[in-house]
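# Report on the structure
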Amino acid sequence: MPPEQSHGPHRPGRPLDHIARIQAEWARERPDVDVTPQGVIGRLHRLGALLTEQLCLVYRRYGLSEGEFDVLAALRRAGEPFERAPGELAAHTMVTTGAMTKRIDRLERDGLVTRRRAAGDGRGRVVVLTPAGRDLIDDAFSEHMTNERRLLDALDPDEAEHLESLLTSWLARVEPPRGA
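Because the structure is predicted, anything quoted here is derived from the model rather than measured. (Residues numbered from 1 in each chain as written. Predicted model: local features only at pLDDT ≥ 70, side-chain atom pairs only at ≥ 80, totals over all residues. Heavy atoms only, no water.)

### Some details on the overall build of the chain
This is how the line gets drawn: Only runs of H or I of at least four residues qualify as helices and only runs of E of at least two qualify as strands under DSSP, and these elements are numbered from the N terminus. Any residue under 20% of the maximum accessible area for its type is buried, any over 50% is exposed, and the rest in between are partly exposed; the area is computed with a 1.4 Å probe on protein chains only. The contact criterion used is simple: two residues touch if any of their non-hydrogen atoms lie within 4.5 Å.
Secondary structure assignment for the chain yields eight helices and three strands. Mapped in sequence order, the helices and strands of the chain form the string α-α-α-α-β-α-α-β-β-α-α. Counting only residues that meet the buried cut, the chain has 26% of its 180 residues in that class. Long-range contacts, defined here as pairs at least 24 residues apart, represent 45% of the contacts in the chain between residues at least 6 apart.

Spelled out as C-alpha cells, the structure:
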C-alpha cells in the first residue's frame, strides 16, 4: 500500500499532513514497528501546541502568562472570598509549589492578588484575589471563552460533542481520579 494510504484517515488525493509524513518515514525506515499510535498521539500533541499558542494570545493581551491566568481563574472559581492556600492553588493548576510561588509573587507585585494569614491557622497563608485581579480575570475569561468558541467552531456541533465524549472517556482511563 502507498504510504499516503497506509496510516490513519488520510484520503487519497489530499496532501499528507505533518503527522502522516512522519508516520510514512518511520514506516519506511522501521517497518518492524507499528507507528499507527502516532496518528492519534502525534495529532493530539500537535493540536494541543497549536491550541495553546492561540489561547496564549488572549492571556498576553491581559499581560498574563498561561500560568498566571490559571492562578487567577482558580481563585475566581473558588467563589467568595476568592482565596485558596498556595498548595491548593498548585493542585488546581498542576504545578509545583515552587513554580506557584513565582506566579503568586508576580501577581502580587502587579496588585492582582495579596497574601494573608489563614483564618483559624496563624501559621497558614492564603492567596486572595484583589478587586483589580477579579476585574482582570473576569474580562480575560470572557475573551478566553470567546476564543475557545472560535477554535471549537472549526468542528460542526456533532463532531465537537463526539470528540468531547471520546476525550472524556480516554482521560478517565489515563488520569488517576482526584479528590474533590
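Next comes the rest of the write-up.
### Description of the packing of helix H4 (residues 66-77) against helix H6 (residues 97-109)
Heads up, the condition is: As a rule, the C-alpha atoms of each element are fitted with a line to give its axis, helices using only the stretch in contact, and angles between N-to-C directions run from 0 to 180 degrees. Comment on the angle field: the value is read as roughly parallel under 35 degrees, roughly antiparallel over 145, roughly perpendicular from 65 to 115, and oblique elsewhere. Side-chain classes are defined by residue name, with Ala, Val, Leu, Ile, Met, Phe, Trp, Tyr, Cys and Pro counting as nonpolar, Asp, Glu, Lys and Arg as charged, and the others, Gly among them, as polar.
Relative to each other, H4 and H6 sit at 80 degrees, their axes nearing to 10 Å. Accordingly, the angle class assigned to the pair H4 and H6 is roughly perpendicular. On H6, the residues touching Gly67, Glu68, Val71 and Leu72 of H4 are Met100, Arg103, Arg106 and Leu107. Tallied by class, the residues present in the contact of H4 with H6 amount to four nonpolar, one polar and three charged.

### A short note on the environment of Arg106
Spelled out, the test is: Here a polar contact is taken to be a pair of N or O atoms separated by no more than 3.5 Å, where protein atoms must pair a possible hydrogen donor with a possible acceptor and residues adjacent in sequence count only if both atoms sit in side chains.
Relative to the elements of secondary structure, Arg106 occurs in helix H6. A relative accessible area of 25% means that Arg106 is categorised as partly exposed. Taking C-alpha positions, Arg106 is 8.5 Å from Glu68, a pair spaced 38 residues apart along the chain. Apart from the residues lying within four places of it in its own chain, the contact partners of Arg106 are Gly63 and Glu68. One polar contact links the side chain of Arg106 to the main-chain carbonyl oxygen of Gly63, over a distance of 3.0 Å.

### Topic: unusual backbone geometry
Between Glu80 and the following residue, Pro81, the backbone shows a cis peptide bond with an omega angle of 5 degrees. Within the element layout of this structure, Pro81 appears in the loop between H4 and strand E1 (83-84). Here the phi dihedral of Phe82 falls at roughly 60 degrees; this positive angle occurs in a residue that is not glycine.

### Looking at a negative patch on the surface
What counts is decided by this rule: Each patch is built from residues that are more than 30% exposed by relative accessible area and take part in no salt bridge. Like charges join if they lie within 9 Å; nonpolar side chains (Val, Leu, Ile, Met, Phe, Trp, Tyr) join within 5 Å. Calculation of accessible area relied on Shrake-Rupley with a 1.4 Å probe; when residues are assessed, cover is drawn exclusively from the protein chains displayed. Salt bridges are identified by distance alone: a Lys or Arg side-chain nitrogen within 4 Å of an Asp or Glu carboxyl oxygen. Charged-residue counts in this description rest on Lys and Arg as positive and Asp and Glu as negative, His and the chain ends being excluded. Lysine's charge is taken at NZ, arginine's at CZ, aspartate's at CG and glutamate's at CD.
On the surface, Asp156, Asp158, Glu159, Glu161 and Glu164 cluster together into a patch of negative charge. With respect to the helices and strands, Glu164 occurs in helix H8 (residues 157-174). Its relative accessible area of 54% is what places Glu164 among the exposed residues.

### Some details on the side chain of His144
Structurally, His144 is set in helix H7 (residues 131-152). Every residue in contact with His144, bar those within four places of it in the chain, is listed here: Leu55, Val58, Tyr59 and Phe69.

### Comments concerning the nonpolar core
Put simply, the test is: Residues belong to one nonpolar core when they are buried, are Ala, Val, Leu, Ile, Met, Phe, Trp, Tyr or Cys, and are joined through side-chain atoms within 4.5 Å.
One finds Leu64, Leu72, Leu89 and Val113 to be the most contacted residues of the largest nonpolar core, which totals 23 residues. Tallying contributions element by element places H4 first for this core, with six residues. Those residues in contact with Val113 that lie beyond four places of it in its chain are Leu72, Leu75, Ile104, Leu107, Glu108, Val127, Val128, Leu129 and Thr130.

### A look at a nonpolar patch on the surface
A cluster of nonpolar side chains, contributed by Val40, Ile41, Leu44, Leu152, Leu155, Leu163, Leu167, Trp170 and Val174, occupies part of the molecular surface with about 700 Å² of accessible area. Looking at the nonpolar patch, the elements with two or more residues in it are helix H3 (37-61) and H8. The dominant element in the nonpolar patch, judged by the number of residues it contributes, is H8, at four residues. Topologically, Trp170 is positioned in helix H8.

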